[in-house]
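# Architecture and fold: a report
One letter stands for each residue in the lines below.
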Amino acid sequence: MSTTNEHDGVAVDLLAVDLGKTGARGRWRRGEEVREADGPGVVGLAAADGVEQVVGAVRSLTGALGLAGERVDVLAVGLVGYHAASARRDDLAATLLDEVADTVVLTGDVTTTYAGAVGDRPGVVVAAGTGAVALAADGAGRTAVRDGWGFLLGDDGSGYAVGRAGLRAALEHRDGRGGSAALEQAATRRFGDLTGLPSAVHSAEHPSRFVASFARDVAEAARADDPVAVRIWQEAGEALARTALACRDALDPGLPVCLAGGLVEVGPLLTEPFAAAVGGEVLRAGGTSLDGAETLARQAWAGEPGPVLAGQVSVTRRTGRAVGTVRTTDPAGDAPAEVIGALATEGVREDLLDLDERDTAAVLRELWRAEATVAPTLLGVVPAVAAAVDDIAERLRGGGRMFYLGAGTPGRLAFVDASELPPTYGTPADLVRALPAGGVEAMVEAREGAEDDGAAGAAMVREAGVRPQDVVVGISASGRTPYVLEGLAAAAEVGALTVAVSNNEGARASAGVDHAVEIPTGPEVISGSTRLKAGSAQKMLLGALSTAVMVRLGKTHGPFMVDMQASNVKLRDRAVRMVQRVAGCDAEAAAAALEEAGWSTKVAVVQLLGGMPTDQARRALTEGGGSVRGALARADGGRR
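Treat the numbers as computed from the prediction; the structure is a model and nothing was measured.

### Quick word on the overall build of the protein chain
Across its full length, the protein chain holds 23 helices and 17 strands. With respect to the principal axes defined by its C-alpha atoms, the protein chain has extents near 90 × 70 × 55 Å. A separation of at least 24 residues holds for 65% of the contacts in the protein chain among residues at least 6 apart in sequence.

As structure tokens, this is what we get:
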């Protein structure tokens, strides 16, 4: 992944730190060079010597990374106690600015877990490690935090809670009060004579870490089918689910939920009861909290944290301090600077540096192997696309229209998709329209500079007469194309349904829209040539989205496009074969019905299956919402 600053050509030094109670991790990146190191954890910023603890942990990591005495451009730290000790943030940031970096990003460990798990998009992320806390964020910048009260008062379902329950069961069995023989044996192996266990816990430097270490033994016992251990993990999953649901309900019951953090490594013992208790699909974490810290470092260097998490992040620069969103303007002073090269779609594949020296067959294999990753990636966004399809179909049933916004390749792909719907599904020409940057002329002659004209995107939406019942779908590989961003904003202003499609996670286009679809296709075989994998993903997404909408609108019957316009010899032959197959008649009967129906496949099918004249078939279709099944149900009182 490239981290080149597009403004001055200098590779940026990024240092990401994930600082938890159990341990710390650091990652340094300059261009394509990456180093990682582990270190000891800390009690947190809320401890009496919290600032010293955090600074000491960062120093330890920089030494392990070979950076002792060196400065970096930007440091991002996700740490324990960020929220509980807000008064100490200034001192911590000042010390880190003095010793380590020119820009310092501070936030809670739950925020870095959130950013690593789902990026900069609305949702709920439960961070389960030694402790447990949940963060919810919506597209309007609102956030909610639940639990995280520490091991004495909260952290339900955490590693500490599991370890404590396991040790209690071990001691109960030792006393003859029930418990678990397997856990007693495991505790004895780990800690020795259990008579000294209470003293060992209370004298431990970090009691919560000490107790949480036993969670691994509880997992091993559960995998060996110890019923007490299985129940402990079941209760942990249910407790974490309660935290997730409380956090979600505080903002929006429709937000997706993700379980992340080190405790998730235990697998189905925890994740299955969590998912069952949540009662719906649980998102898979896309990355770790260290990935999240790096994401926040990149965003701060680009000029601003992402809009969803901005309220959870403080950014301090050597020139001054600002809390929340920090904007760094370009030389013209009128737009936020951005490290475009840091986008995943702009990345460089180091394994292809000799691509031009390979033979043609090898080049083709690399291209098609890359394309083969697109469909599996799309399967990962099915829930997001399905929700968008259902909302789009509802708007179109109510008299709305759909507009595609795109520049360059996305604009051309949108134009093709929109233009193919009328002959395929018999839709009016204005039901789905493309609004490409640069106008229709850009379909035959590339006008790539048009993508930077945000005002043109907004004007195009207004000139198209977009109304509240309409839908606007913006497509942008980068997720930051001004033409698309401002067009979507103009659509939102009038109350239209907005859908953003991009090929980067945490895309700027995803903020504030009704439906965000992010298809992370990653670096291209030819770096930055997003007409390749990203373009394939966009083509497949648009084709599937518009087709699914047509299915929901009754434009198909089974796998047949029964609203097709039979406008030439090939299509008339196809219409005859469709009527034959659906109605179970011969070609002559099918052709006769089609002639009588004015070559409307749908009318002919209803006419034959319902045993009714053409006029009645047309009325039945109207009353049935344009659906063959709906028309037949109306015609025979719902017996079909």
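### Regarding a nonpolar patch on the surface
Taken together, the side chains of W149, L152 and L153 present a nonpolar region at the surface, about 480 Å² in accessible area. As for its placement among the helices and strands, L153 is situated in the loop between β8 (143–147) and α4 (159–175). Owing to a relative accessible area of 73%, L153 belongs among the exposed residues under this scheme.

### Examining the nonpolar core
Counting residues in hydrophobic clusters, the biggest one holds 46 residues, and the most contacted among them are L183, V218, W233, L240, L270 and F274. A per-element tally of this core places helix α9 (residues 227–249) first, with ten residues. Every residue in contact with L270, bar those within four places of it in the chain, is listed here: W233, A236, G237, L240, L259, L263 and V264. V374, A418, L497 and L542 belong to the second-largest nonpolar core, a separate cluster that totals 34 residues.

### Some thoughts on helix α1 (residues 50–64)
With 15 residues, α1 should reach 21 Å at 1.5 Å per residue; the first-to-last C-alpha distance of 21 Å fits that figure. Among the residues making up α1, those that are buried are G50, V51, Q53, V54, V55, A57, V58, L61 and T62.

### Section: the sheet that holds strand β15 (residues 471–476)
As summarised here, the arrangement of the five strands in space is β14-β13-β15-β16-β17, forming an open sheet in which the pairing is parallel. The open sheet has two free edges, formed respectively by β14 (432–436) and β17 (515–518), since each of these has just one partner strand. Pairs of neighbouring strands in the sheet enclose a mean axial angle of 15 degrees, with direction left out of account. The pairing of strand β13 (residues 402–406) with β14 spans five bridges and is classified as parallel.

### Side note on the packing of helix α19 (residues 569–583) against helix α20 (residues 587–596)
Interaxial distance between α19 and α20 falls to 8 Å at its minimum, and their mutual angle equals 115 degrees. Between α19 and α20, the interaxial angle falls into the category roughly perpendicular. In the packing of α19 onto α20, the handedness of the crossing is right-handed. Facing A575, V576, V579 and Q580 of α19, the residues of α20 in contact are A587, A590, A591 and L594.

### Examining the state of the cysteines
Counted by the stated rule, this structure contains zero disulfides. Unpaired in terms of disulfides, C247 finds its nearest cysteine sulfur in C258, a separation of 13 Å.

### Examining the pattern of salt bridges
Should the charged atoms of two oppositely charged side chains come close, the side chains can pair. Counted according to the given criterion, the structure contains 26 salt bridges. Two residues, R25 and D18, come together in a salt bridge whose shortest N-O distance is 2.9 Å. The partly exposed category is assigned to R25, whose relative accessible area is 29%. Residue D18 is classed as buried on the basis of its relative accessible area of 11%. Two residues, R27 and D291, come together in a salt bridge whose shortest N-O distance is 2.9 Å.

### Side note on the environment of K539
Relative to the assigned elements, K539 resides in helix α18 (residues 533–552). When the C-alpha positions of K539 and T409 are compared, they lie 9.6 Å apart, and in sequence the two are 130 residues distant.

### Looking at the side chain of N504
For N504, the location among the structural elements is in the loop between β16 (497–502) and β17. Of note is the side chain of N504, whose polar atom sits 3.3 Å from the backbone oxygen of A477.

### Looking at unusual backbone geometry
One non-glycine residue, D155, lies in positive phi territory at about 60 degrees. At W599, a residue that is not glycine, the phi angle is positive and equals roughly 60 degrees. Within the element layout of this structure, W599 appears in the loop between α20 and α21 (601–610).

### A look at the sheet that holds strand β6 (residues 123–128)
An order of β8-β7-β6-β9-β10 is seen for the five strands of this open sheet, with the pairing classed as mixed. At either margin of the open sheet sits one strand with a lone partner, and together these are β8 and β10 (282–283). Pairing geometry for strand β9 (residues 257–260) and β10, over two bridges, is parallel. Bridge pairing links C258 to L283 in β10. Contacts from helix α10 (residues 268–278) reach β6, β9 and β10, with the element oriented near 160 degrees to β9.

### Examining the environment of A236
Relative to the assigned elements, A236 resides in helix α9. We classify A236 as buried; its relative accessible area is 4%. In this structure the C-alpha to C-alpha distance between A236 and L270, which are 34 residues apart in sequence, comes to 6.9 Å. Contacts of A236, omitting those with residues within four sequence positions, involve G157, V162 and L270.

### Overview of the packing of aromatic side chains
Within the structure shown, the criterion is met by three aromatic pairs. Through successive ring pairs, a cluster of aromatic residues spans F191, F210 and F214. Between the NZ or CZ atom of R35 and the centre of the ring of W28, over which it lies, the distance is 4.4 Å.

### Digging into the packing of helix α8 (residues 215–223) against α9
Packing of α8 against α9 leaves a shortest axis separation of 7 Å and a crossing angle of 120 degrees. The angle between the axes of α8 and α9 places the two elements in the oblique class. Crossing of α8 against α9: the hand is left-handed. Seen from α8, the contacting residues are A215, V218, A219, A221 and A222; seen from α9, they are A229, V230, I232 and W233. A breakdown of the residues in the contact of α8 with α9 according to their chemical character gives nine nonpolar, no polar and no charged.

So, how was this worked out
Residues numbered from 1 in each chain as written. Predicted model: local features only at pLDDT ≥ 70, side-chain atom pairs only at ≥ 80, totals over all residues. Heavy atoms only, no water. Helix = DSSP H or I, 4+ residues; strand = E, 2+ residues; numbered from the N terminus. Contact = heavy atoms within 4.5 Å. Patch = residues over 30% accessible without salt bridge, like charges linked within 9 Å, V, L, I, M, F, W, Y side chains within 5 Å. Areas by Shrake-Rupley, 256 points an atom, 1.4 Å probe, with all protein chains shown as cover. Salt bridge = Lys/Arg side-chain N within 4 Å of Asp/Glu carboxyl O. Buried < 20%, exposed > 50% of the residue type's maximum accessible area, 1.4 Å probe, protein only. Core = buried A, V, L, I, M, F, W, Y, C linked by side-chain atoms within 4.5 Å. Expected span 1.5 Å × (residues − 1). Pairing = 2+ DSSP bridges. Axes fitted to C-alpha atoms, helices over the stretch in contact; angles between N-to-C directions. Parallel < 35°, antiparallel > 145°, perpendicular 65-115°, else oblique. Left-handed = near helix turned anticlockwise from the far one by under 90°. Disulfide = S-S within 2.5 Å. Polar contact = N/O pair within 3.5 Å; in protein donor to acceptor, adjacent residues only side chain to side chain. Phe/Tyr/Trp six-rings, centres within 6.5 Å; stacked < 30°, edge-to-face > 60°. Lys NZ or Arg CZ within 6 Å of the ring centre and 35° of its normal. Nonpolar A, V, L, I, M, F, W, Y, C, P; charged D, E, K, R; others polar.

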